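Working through the structure, step by step
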Amino acid sequence: MALEIRREDDLKYLRETIELAKASRDSGNHPFGAILVGPDDEVLLQSGNTFKKDKGVGHAEANVARAASRLFEVDYLKNCTLYTSVEPCCMCAGACYWAGIGTVVYGMTEKRLAVITGDNPENLTLDMSCEKVFKAGQREVKTRGPFAELEEEIAEGHCNFW
């Protein structure tokens, strides 16, 4: 039963990241969204992509991880979960790792994103899973994803964008 509840919570928060991604796209940025949820299920931080201002390093997950590292101690962040519409790239996975975020949950894989974006110079994906990045570190970062039931909705937000 607890696993079912976790999946329902994951889906709820992932849907929030999809809405952030839509708002990001509507504002002229890339269609990505991320939120940080605390151990008491409170949404602590959120961000869309900030490409217009920050160019290639303005990824939603990195924005959240940087803000989290300024606001919270690692002992707290290890009990937090970062939710993101698309699997974090290796830069964003590294930011989550260095911030000390304990769990990352993503809706769609980076590999699927690469199929959608192709060789667009604004999103030159790297063929490296976030799990591989996390496993290379000394601190554990748990992951959950992708979520097949959300994949088409997430992909739709990228259609006709790239």
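Analysis parameters
Residues numbered from 1 in each chain as written. Predicted model: local features only at pLDDT ≥ 70, side-chain atom pairs only at ≥ 80, totals over all residues. Heavy atoms only, no water. Helix = DSSP H or I, 4+ residues; strand = E, 2+ residues; numbered from the N terminus. Rg over C-alpha atoms; globule rule 2.2 N^0.38 Å. Buried < 20%, exposed > 50% of the residue type's maximum accessible area, 1.4 Å probe, protein only. Contact = heavy atoms within 4.5 Å. Areas by Shrake-Rupley, 256 points an atom, 1.4 Å probe, with all protein chains shown as cover. Lys, Arg positive; Asp, Glu negative; His and termini not counted. Charge placed at Lys NZ, Arg CZ, Asp CG, Glu CD. Core = buried A, V, L, I, M, F, W, Y, C linked by side-chain atoms within 4.5 Å. Axes fitted to C-alpha atoms, helices over the stretch in contact; angles between N-to-C directions. Parallel < 35°, antiparallel > 145°, perpendicular 65-115°, else oblique. Left-handed = near helix turned anticlockwise from the far one by under 90°.

Concerning the overall build of the protein chain
- A count of helical and extended segments in the protein chain gives eight helices and five strands.
- Along the protein chain, helices (α) and strands (β) appear in the sequence α-β-β-α-α-α-β-α-β-α-α-β-α when read from the amino end.
- A compact globule built from 162 residues should have a C-alpha radius of gyration of about 15 Å, and the protein chain, at 14 Å, falls within 12% of that.
- Dimensions of the protein chain along its principal axes, counting C-alpha atoms only, are 40 × 35 × 30 Å.
- Relative to its full complement of 162 residues, the protein chain shows a buried share of 46%.
- The contacts of the protein chain with a sequence gap of at least 6 include a subset with a gap of at least 24, amounting to 64%.
- When the accessible surface of the protein chain is summed, it comes to about 8500 Å², and 52% of that surface belongs to carbon and sulfur atoms.
- Side-chain charges in the protein chain split into 19 positive and 26 negative, and the spacing between the mean points of these groups amounts to 4 Å.

A look at the nonpolar core
- Counting 42 residues, the largest nonpolar core has L36, L82, Y83, I101, F134 and L150 as its most contacted members.
- The element contributing the most residues to this core is helix α5 (residues 90-99), with six residues.
- For L150, the contacting residues outside a window of four places in its chain are L11, L14, R15 and I18.

Some points on the packing of helix α3 (residues 60-71) against α5
- Closest axis-to-axis distance for the α3/α5 pair is 8 Å, and the angle between their directions is 15°. Comparing their axes, α5 and α3 come out roughly parallel. Crossing hand, α3 versus α5: left-handed. Every residue of α5 that contacts α3 at E61, A62, A65 and S69 is listed here: C92, A95, C96 and A99.

Some details on the environment of L45
- Here L45 lies in strand β2 (residues 43-48).
- Since its relative accessible area comes to 15%, L45 is described here as buried.
- The spatial distance from the C-alpha of L45 to the C-alpha of R144 is 19 Å, given a sequence separation of 99 residues.
- Non-local contacts of L45, meaning those with residues more than four positions away in its chain, are made with A34, I35, L36, V64, A67, A68, L71 and F72.

Here we look at the environment of P146
- Tracing the backbone through its elements, the reader meets P146 in the loop between β5 (142-144) and α8 (148-156).
- Sequence separation of P146 and I35 is 111 residues, and the distance between their C-alpha atoms is 16 Å.
- Excluding residues within four positions of it along the chain, P146 makes contact with Y106, G107, M108 and T109.

Focus on unusual backbone geometry
- Residue G145 is joined to P146 through a cis peptide bond whose omega torsion reads 0°.
- A positive phi angle, near 55°, is found at K55, a position not held by glycine.
- Within the chain, N160 stands out as a residue other than glycine whose phi angle is a positive 60°.

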